[in-house]
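# Tertiary structure, described
These are the residues of each chain, in order.
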Amino acid sequence: MRLHVADHPLVAHKLTVLRDKGTPSPTFRLLVDELVTLLAYEATRDVHTDTVQIETPVTTTTGVKLADPRPLVVPILRAGLGMLEGMTRLLPTAEVGFLGMQRDEETLEAITYANRLPDDLSGRQCFLLDPMLATGGTLVAAIDYLLARGARDVTAVCLLAAPEGLKVVEDFVGDRADVQVVVAAVDERLNEKAYIVPGLGDAGDRLYGVV
Ligand SMILES: O=P(O)(O)OC[C@H]1O[C@H](OP(=O)(O)OP(=O)(O)O)[C@H](O)[C@@H]1O
Ligand SMILES: O=c1cc[nH]c(=O)[nH]1
Ligand SMILES: [Mg+2]
């Protein structure tokens, strides 16, 4: 597993406002969207492209376009939905799949309540979106769904990760696939409720309100 931590003052600034418990949902949603755009720039550095010939008003030249097969973007509901628009803005050709997963707050097991993915992901570049990588249980289960469909090139875009969760993902992936995790920051640790510290609280609740 490869880890990329975005090291940029704009990322740090936006993340600080996001962490602030006084930041209301509309601002939180906007900041998540802006942060994803900055992270997507790093996360798509190895996106496949094809060479194309085009004519500018002046001459003929060689350029690139996003290649086929199209990349697949998969937000992990609920909280990952807040990252979808920012990602597809940068990857306009992407196909979008969906995973609905909820962590059981007692057992910390990830329960899947929605799964809409293409059957065959061999040769496809896949991007998983989830703001929080805490114990890693949710991300491991999501990566497992993609690997089971033949994906071998997976990038997870997260806002915050705990060191404990990163280790779990790394141990799960081993050398089974090329998995990259792109994050805005790696935080200190998990607390006794497996929340990220200092973190930003419950990302789904802060985006969409408590249900
Ligand atoms: O690494 P883990 O320990 O598995 O925890 C991280 C997961 O928990 C949160 O989702 P949650 O289960 O709260 O669902 P939600 O998005 O509907 O709020 C978060 O968005 C991740 O999906
Ligand atoms: O800190 C955490 C841990 C899991 N899920 C969240 O939304 N936040
Ligand atoms: Mg939640």
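See the structure printed just above.
Residues numbered from 1 in each chain as written. Chains lettered and ligands numbered in written order. Predicted model: local features only at pLDDT ≥ 70, side-chain atom pairs only at ≥ 80, totals over all residues. Heavy atoms only, no water.

## Notes on the site of ligand 1
- For ligand 1, the set of nearby residues contains 16 residues, the closest of which are Arg 103, Asp 130, Thr 135, Gly 136 and Thr 138.
- Ala 134 places a main-chain nitrogen or oxygen 2.9 Å from an oxygen atom of ligand 1.
- Between ligand 1 and Thr 135, the relevant distance is 2.5 Å, taken from an oxygen atom to a side-chain nitrogen or oxygen of the residue.
- Here ligand 1 loses 94% of its free accessible area of 500 Å² to cover by the protein chains.
- Of all elements in the fold, only strand E6 (98-103), strand E9 (132-133) and helix H4 (137-148) reach the threshold of two or more residues within the shell around ligand 1.
- When residues in the shell around ligand 1 are grouped by element, the largest group, three residues, is from E6. (Near = heavy atom within 4 Å. Polar contact = N/O pair within 3.5 Å; in protein donor to acceptor, adjacent residues only side chain to side chain. Areas by Shrake-Rupley, 256 points an atom, 1.4 Å probe, with all protein chains shown as cover. Helix = DSSP H or I, 4+ residues; strand = E, 2+ residues; numbered from the N terminus.)

## Considering the state of the cysteines
- Here the structure, examined in full by the defined rule, presents zero disulfides.
- Left unpaired, Cys 126 is separated from the closest cysteine sulfur, that of Cys 158, by 15 Å.
- A residue is classified by how much of its surface remains accessible, and Cys 158, at 1% relative accessible area, is buried. (Disulfide = S-S within 2.5 Å. Buried < 20%, exposed > 50% of the residue type's maximum accessible area, 1.4 Å probe, protein only.)

## With respect to the pairing of strand E10 (residues 153-161)
- For E10, the tally of buried residues reaches eight of nine residues, placing the bulk of the element in the interior.
- Where strand E8 (residues 125-129) meets E10, five bridges bridge the pair, whose relative direction is parallel. When the sheet's bridge partners are listed, Gln 125 is paired in E10 with Asp 153.
- Direction of pairing for E9 relative to E10: parallel, over a ladder of two bridges. Its bridge partner lying in E10, Leu 133 is registered against Ala 161.
- Regarding topology, helix H5 (residues 163-173) serves as the crossover connection from E10 to the parallel strand E11 (residues 178-186), and that connection is right-handed. (Pairing = 2+ DSSP bridges. Right-handed = clockwise from strand over helix to strand, strands pointing away.)

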